[in-house]
Amino acid sequence: MCYIWQNPTVPAEEVTLATLEKIPHVIDNLNISGGEPTLRRDLAEIVDVVYPKARVVEISSNGLHPERLEPIVRKHPHIKIRFSLEGFGDTNNQIRGEDDGFAIKVEGLRKLRELGGTDLGFAAVIQDGNVDELVSLYEFARNNGFEFSTSALHNAFQFHKNDNYPYDRMRLARQVERLITEMLKTHSVKAWFRAYMNLGLIRKILGQDRLIPCTAATDFVFIDPWSDVYACNVRPDLLMGNLSRQSWDDVFSGQLATRIRDQVAACNQNCWMVTTARTAMRSHWAPKLPKMQPLSWVLKNRLRVTVGLSVDFSAIDYTKVLPDREVSLRPSFFQTAFKRVVQHAADSHYRQGEFFNR
């Protein structure tokens, strides 16, 4: 799904603690992502810097080195941790190129829970190779006391590739319907709103417009390894500034920021990821509260499921589905040699060319 692992950055060129200190203490959710954040030798120090700045601090990891997160969880037990997991056993191994990823990640989360971790879970990317295991994977996570979040195949400039499209859109959509129904059957309010987020994933998978307009550059931004600040991680043309050379206010104020927000308002990329969807679903003024559109859908469909009715999927127009793309099978890098390309700040960082998320 991404070639970040083929394009490692140079540690000396990566974002520094001093740069992260510039982030203000007004952040709702701050996600330390990658690449792989546990490769940063100063990850614990990074967490110490940003933890007071956000209501929720999250680490998105491949989960192959959970021991590197143990001291962080001991100190910050409420930190949010998500391990990428694409299926059971061989399914996960083939998609992610891992030897025994499922067992390592499950045991890793259990150990972090023993150390006091309170917000632990898995994150799966819905795709043709794992969609048949989607509901079972969700049930496994729930039965073991772990959270379960989802995204769908999508393209983004930091992935260094642009062929992330589904092969069989309708098949994926129907399986996500099953997941939504199971989420609404639970007694978890969080799961109900995740059901709505997955409703948006169906529209994304089928090539339809977003449920709610994007709020990039207003409610969220993306900071890359070189401290460049983008409106989002999808469009490399929406560069707002550089946090190592500028202050936070310089990046978010002024004519450039205004022009980029105008471009976001006119953007027709079909993106619906956890970051972009979560911020779109929440009130701008009270981030803990949802907007009326997702709230009304959740309440209505939770009631329908409770009285034995089916979920209302009228928000999805199944008569308008993009044709399945002619995409050659993505190569598996499991036990495959590759040429490592190390990027430097003087290079063009993202060279995979143009793409459109449809």
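Keep in mind that what you see is a predicted model, and the values were worked out from it rather than measured. (Residues numbered from 1 in each chain as written. Predicted model: local features only at pLDDT ≥ 70, side-chain atom pairs only at ≥ 80, totals over all residues. Heavy atoms only, no water.)

Colleague: What exactly am I supposed to notice about the side chain of threonine 19 here?
Modeller: By the secondary structure assignment, threonine 19 is in helix 1 (residues 17–20). Under the relative-accessibility criterion, threonine 19 is labelled buried at 5%. Within the structure, the side chain of threonine 19 is placed 3.2 Å from the side chain of threonine 16, a separation counted as a polar contact. Dropping the residues within four chain positions of it, threonine 19 is found in contact with Ser227, Leu243 and Ser244. (Helix = DSSP H or I, 4+ residues; strand = E, 2+ residues; numbered from the N terminus. Buried < 20%, exposed > 50% of the residue type's maximum accessible area, 1.4 Å probe, protein only. Polar contact = N/O pair within 3.5 Å; in protein donor to acceptor, adjacent residues only side chain to side chain. Contact = heavy atoms within 4.5 Å.)

Colleague: Please clarify how the sheet that holds strand 2 (residues 54–61) should be interpreted in this entry.
Modeller: Sheet strands pair by backbone hydrogen bonding; their relative direction is either parallel or antiparallel. Judged by pairing direction, the sheet is parallel, and its 5 strands sit side by side in the order 1-2-3-4-5 without closing on themselves. The sheet is open, and its two edges are formed by strand 1 (27–32) and strand 5 (147–152), each paired on a single side. Here the average twist between neighbouring strands, direction ignored, is 25°. Taken strand by strand, helix 2 (residues 43–50) contacts strand 1 and strand 2, and its axis lies near 170° from that of strand 1. Packed onto the sheet, helix 6 (residues 134–143) meets strand 4 (119–126) and strand 5 and runs at close to 155° relative to strand 5. (Pairing = 2+ DSSP bridges. Axes fitted to C-alpha atoms, helices over the stretch in contact; angles between N-to-C directions.)

Colleague: I'm lost on the packing of aromatic side chains in this one. Help?
Modeller: The relation between two aromatic rings is expressed through the spacing of the ring centres and the mutual angle of the planes. Applying the stated criterion to the full structure yields 13 aromatic pairs. Measuring from ring centre to ring centre gives 5.4 Å for phenylalanine 88 and phenylalanine 102, while their planes differ by 50°; the resulting arrangement is tilted. Here phenylalanine 88, found in the loop between strand 3 (80–84) and helix 4 (89–96), pairs with phenylalanine 102, found in helix 5 (residues 101–114); they are 14 residues apart in sequence, far enough to count as distant. With a centroid separation of 4.7 Å and 65° between ring planes, the pair formed by phenylalanine 157 and tyrosine 350 is classed as edge-to-face. Note that phenylalanine 157 is positioned in the loop between strand 5 and helix 7 (169–185) and tyrosine 350 in the segment after helix 12 (292–306), a separation of 193 residues in sequence. In this pair, the class of phenylalanine 157 matches that of tyrosine 350, namely buried. Each member of the aromatic cluster is reached from another via a ring pair, and the members are Phe157, Phe222, Trp226, Tyr230 and Tyr350. Residue placement shows lysine 161 over the ring face of tyrosine 3; its charged tip is 5.3 Å from the ring centre. If you follow arginine 174 out to its NZ or CZ, it ends over the ring of tyrosine 318, 3.9 Å from the centre. (Phe/Tyr/Trp six-rings, centres within 6.5 Å; stacked < 30°, edge-to-face > 60°. Lys NZ or Arg CZ within 6 Å of the ring centre and 35° of its normal.)

Colleague: Even after reading the chapter, I still don't get the nonpolar core, so can you show me in this structure?
Modeller: The nonpolar side chains of a soluble globular protein tend to be buried with one another. In terms of nonpolar packing, the biggest core is built from 92 residues, with Ile32, Ile59, Ile81, Phe122, Ile180, Met240 and Trp297 touching the most fellow members. Among the elements that take part in this core, helix 8 (residues 189–206) stands out by supplying 11 residues, more than any other. If near-sequence neighbours (up to four positions away) are discounted, isoleucine 59 is found in contact with Asn31, Ile32, Pro37, Leu43, Val47, Leu69, Ile72, Ile79, Lys80, Ile81 and Arg82. In terms of nonpolar packing, the next biggest core, distinct from the first, is built from 5 residues, Phe157, Trp226, Tyr230 and Tyr350 among them. (Core = buried A, V, L, I, M, F, W, Y, C linked by side-chain atoms within 4.5 Å.)

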